[in-house]
Amino acid sequence: MLDFLGNLERTHLCGTLRVADAGKQVVLMGWVNRRRDHGNLIFLDLRDRSGIAQIVLDKELTPEGHARGEQVRPEYVVAAVGKVRLRAPDAINPKMETGEIEIEATELLVLNDARLAPFSPSEEAIQNEEVRLKYRYIDLRRPEMQRNFRLRHLITLAIRQSLSSQGFLEIETPILTKSTPEGARDFLVPSRVHPGQFYALPQSPQIFKQILMISGCDRYFQIARCFRDEDLRADRQLEFTQVDLEMSFPRRDHVFGVVEQFMKAAFAAAGVALPIPFPRITYDESMRQYGTDKPDLRLPGLSDVRAAFTDDALATLQIDPALPVVAFRIPGVGELSRKEREENHPLFDSKKGAKFLDDFKRLAKSFPESAARVRELAGAAEVDFVIVVAGDPNHHIKASDTKFPGRLSEREINVYAAAGNFRSELAKKYADRHGAFRVTEETVVAAHARGAQDPVDGAQAFHPIWLTDFPMFEYDLGLGKWMPAHHPFTAPYEADMANLVSDPASVRADCYDLAMNGLELGSGSIRIHRKDVQQQIFASLGISDQEARKRFGFFLDALEYGTPPHGGIALGLDRIVMLLAGAANLREVIAFPKTAKAIDLMADAPTTVTEQQLKELHIRVALKS
């Protein structure tokens, strides 16, 4: 039989009681995490979001409460009334924050029972993620998940406070808006009152935040919900949250300063001191040094080792002398066995013309001077794993949908990117052997244990970097023309404007990315604020006046009414929290995420709808047979 709560009120959270509370009369409420029956004594570990407190039901002191305790099972919801007392010295549990005290209960109310759950929130590791997502309401009870969402709240609050203190106003932009594709597919919403017409869910508040600058709001921000109908992966979901901001009359450095301040505040909320300002690197430098535009600085980058090889050696090794020859090292891993090397071969990106020399012993045997010079140029010790990546002279580019920026050729990019991708994959695979990534998890755990008032140094674990000077355009081999590398409202460098038509490859975009530990956290740019420049960009991209009017007419009209210079950025809040939580993917920091197949297992979505609903929306579904 279940009890009613009546007028009983909770006085404390379970995880907040300490030695100083001994003697206090308390009322605790929560879930039974564990039950231990010792005959005349029943011990209940009572859990709420703050932690666990031990409840003691003594048959002699409270026979009725003891009887109720015999009935409860894990995940029952109960209320315990009693007095805080110190545990006996031999009963202290140093693994619990409340391990020095317990509650001597005088009353126990059973507020609700529970079915036997498919897993227990007290389990440290649950292997089947689909079961976790199906029963997400149970999964979210786990202390790790509670910690993640408490952390997310603190980070979001710190960002809001930081931006507010810097003069930004939080303004909401529409969720139902016009479809203006920005690279990914839109989620479309049919209109009932306008048959055959559709709204779209926003991929970002881009146009609206620019209009807010035209409206004189000067500094805007929003913790914005955004939607993109794209394939999912560990760091991507169909719906996500971003820290979106825009400001009038800025230079790029102003945007950087604002972001660095709120990032510093966000990390401090998680107990981590993040040094500012962040380092900067150009896109070209990043590709040459790391093989990616989202570099992970926790490991050494790529080294140019072309000088280590004679022309004869390159010919013997079948390496293209006209393309980059780079090497990278992973500290402390040492030489890999033949079996390990073979297991890594699927990671080779050789289809794009990259050649991998991963047997360094064999290289050293055939070309000892070259191998020694490679180690020297790469700064590699004997205990470091070293690999050389170069171009394959027998590879020929095929016209396809491949796109590449103009300042580096596609073949150059392929070599750098192949080396960079292999570097990242090997670093993750052998993290336990070289320890470069372990420091992040250790720092996070230490930060949460010590609290934000005594932050740990995050310089060794978190490595932010600004990327600048991206190409304005990329060449599409399949279409045979230049395409925008960013959204079409990104301003080119003023000094490059004259080359928009004559030399698109040389034009730099006044845009910037923030990366950290191999993740892109956000992208932004200085925007085009003049209609004549916007029309010139559209023309250079082959967008006709009619098409521009159809897609962006209301925005082009707004540009004619005194648009100030403006710029901004959007950072992925989910990714920031994921990094600070030490989580492996976004699903650990999003309350109700989708699976990799874009399914909400708990709510069973997406699903079909009734014929009546379709009829009201003037929609007929025709599935392919």
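Just so it is clear, the model here is predicted, and its values are computed rather than measured.

Q: Explain the packing of helix α7 (residues 283–290) against helix α12 (residues 410–429) residue by residue, including any values.
A: At a minimum axis distance of 7 Å, the contact between α7 and α12 shows a crossing angle of 60 degrees. Classed by the angle they form, the pair α7 and α12 counts as oblique. Across the interface between the two elements, Y283, M287, R288 and Y290 from α7 touch I413, Y416, A417, G420 and R423 from α12. Across the contact of α7 with α12, the residue classes tally to six nonpolar, one polar and two charged.

Q: If you had to explain α7 to someone new, which residues and values would you point to?
A: What α7 keeps buried is the set Y283, D284, S286, M287 and Y290. Once α7 ends, the next one or two residues include G291, with phi positive near 70 degrees.

Q: Can you lay out the nonpolar core for me, pointing to particular residues and giving the numbers?
A: Ranked by size, the top nonpolar core spans 52 residues in total, and within it F328, F356 and V389 carry the most contacts. In this structure, F328 is in contact with G301, L302, F385, V386, I387, V389, A419, F422, R423 and L426, ignoring residues within four places of it in sequence. By size, the runner-up hydrophobic cluster in this structure holds 44 residues, among which are F168, V259, A266 and L579.

Q: Any chance you could break down the side chain of R136 for me, citing the residues and the numbers?
A: Here R136 shows up in helix α3 (residues 136–139). You can call R136 buried: its relative accessible area is 2%. For R136, the side chain forms a polar contact with the side chain of D139, separated by 2.8 Å. Excluding residues within four positions of it along the chain, R136 makes contact with M145, R587, I590, A591, F592, P593 and M602.

Q: Let's hear about unusual backbone geometry: which residues, and what values?
A: The omega torsion across I276 and P277 is 0 degrees, close enough to zero to call that bond cis. Inspection of the secondary structure assignment puts P277 in the loop between β11 (272–273) and β12 (280–282). In this structure, the amide linkage connecting A605 to the following residue, P606, adopts the cis form with an omega of 5 degrees. Structurally, P606 can be placed in the loop between α17 (573–581) and α18 (611–616).

Q: Explain the sheet that holds strand β14 (residues 326–330) residue by residue, including any values.
A: Pairing within the open sheet is antiparallel, and its four strands lie in the order β13-β14-β16-β15. The outermost strands of the open sheet, each flanked by one partner alone, are β13 (303–304) and β15 (354–357). Bridge count between β13 and β14: two bridges; the pairing is antiparallel. Its bridge partner being in β14, D304 is matched across the sheet by V326. Those strands touched by α12 are β14, β15 and β16 (385–391), and its axis lies near 10 degrees from that of β14.

Q: So what about the pairing of β14? Which residues, and what values?
A: If a strand is regular, its side chains alternate between the two faces of the sheet. Counted residue by residue, β14 has five buried out of five residues, so it is predominantly covered. Alternating positions in β14 separate into two faces, V326, F328 and I330 on one and A327 and R329 on the other, with burial throughout. Note: β14 against β16, five bridges, orientation antiparallel. From the neighbouring strand, R329 faces β16, where its bridge partner is V386.

Q: Describe in detail the packing of aromatic side chains, supporting the description with residues and values.
A: This structure, assessed with the given rule, holds 15 aromatic pairs. Taken together, a centroid distance of 4.2 Å and an interplanar angle of 0 degrees make the contact between F348 and F356 stacked. The pair formed by F348 and F356 is uniform in burial state, with each residue classed as buried. Three or more aromatic residues joined by ring pairs form one cluster here, namely F256, F278, W466 and Y512.

Q: Residues and numbers for the sheet that holds strand β2 (residues 41–48), please.
A: Spatial strand order, β1-β2-β3-β5-β4: five strands in a closed barrel with mixed pairing. This sheet shows a mean twist of 55 degrees between the axes of neighbouring strands, independent of strand direction. Here helix α1 (residues 63–71) sits on the sheet and contacts β1 (25–38), β2, β3 (51–58) and β5 (101–112); the angle it forms with β3, its principal contact strand, is near 125 degrees.

Q: An account of the environment of G334 is requested, with residue identities and associated values reported.
A: Position of G334 among the secondary structure elements: in the loop between β14 and α9 (338–344). Distance from G334 to E239, taken between C-alpha atoms, is 42 Å for residues 95 residues apart in sequence. G334 has contacts with V383, D384 and F385, leaving out every residue within four places of it along the chain.

Q: Could you give an account of the packing of helix α4 (residues 143–165) against helix α6 (residues 252–269), naming the residues involved and the relevant values?
A: Where α4 contacts α6, the two axes come as close as 8 Å, and the packing angle between them is 145 degrees. Crossing of α4 over α6 shows right-handed handedness. Facing α4, whose interface residues are L154, I155, A158, I159, S162 and L163, α6 presents V258, Q261, F262, A265, A266 and A269. Its residues assigned to classes, the contact of α4 with α6 comprises 10 nonpolar, two polar and no charged.

Cut-offs and rules
- Residues numbered from 1 in each chain as written.
- Predicted model: local features only at pLDDT ≥ 70, side-chain atom pairs only at ≥ 80, totals over all residues.
- Heavy atoms only, no water.
- Axes fitted to C-alpha atoms, helices over the stretch in contact; angles between N-to-C directions.
- Helix = DSSP H or I, 4+ residues; strand = E, 2+ residues; numbered from the N terminus.
- Parallel < 35°, antiparallel > 145°, perpendicular 65-115°, else oblique.
- Contact = heavy atoms within 4.5 Å.
- Nonpolar A, V, L, I, M, F, W, Y, C, P; charged D, E, K, R; others polar.
- Buried < 20%, exposed > 50% of the residue type's maximum accessible area, 1.4 Å probe, protein only.
- Core = buried A, V, L, I, M, F, W, Y, C linked by side-chain atoms within 4.5 Å.
- Polar contact = N/O pair within 3.5 Å; in protein donor to acceptor, adjacent residues only side chain to side chain.
- Pairing = 2+ DSSP bridges.
- Phe/Tyr/Trp six-rings, centres within 6.5 Å; stacked < 30°, edge-to-face > 60°.
- Left-handed = near helix turned anticlockwise from the far one by under 90°.

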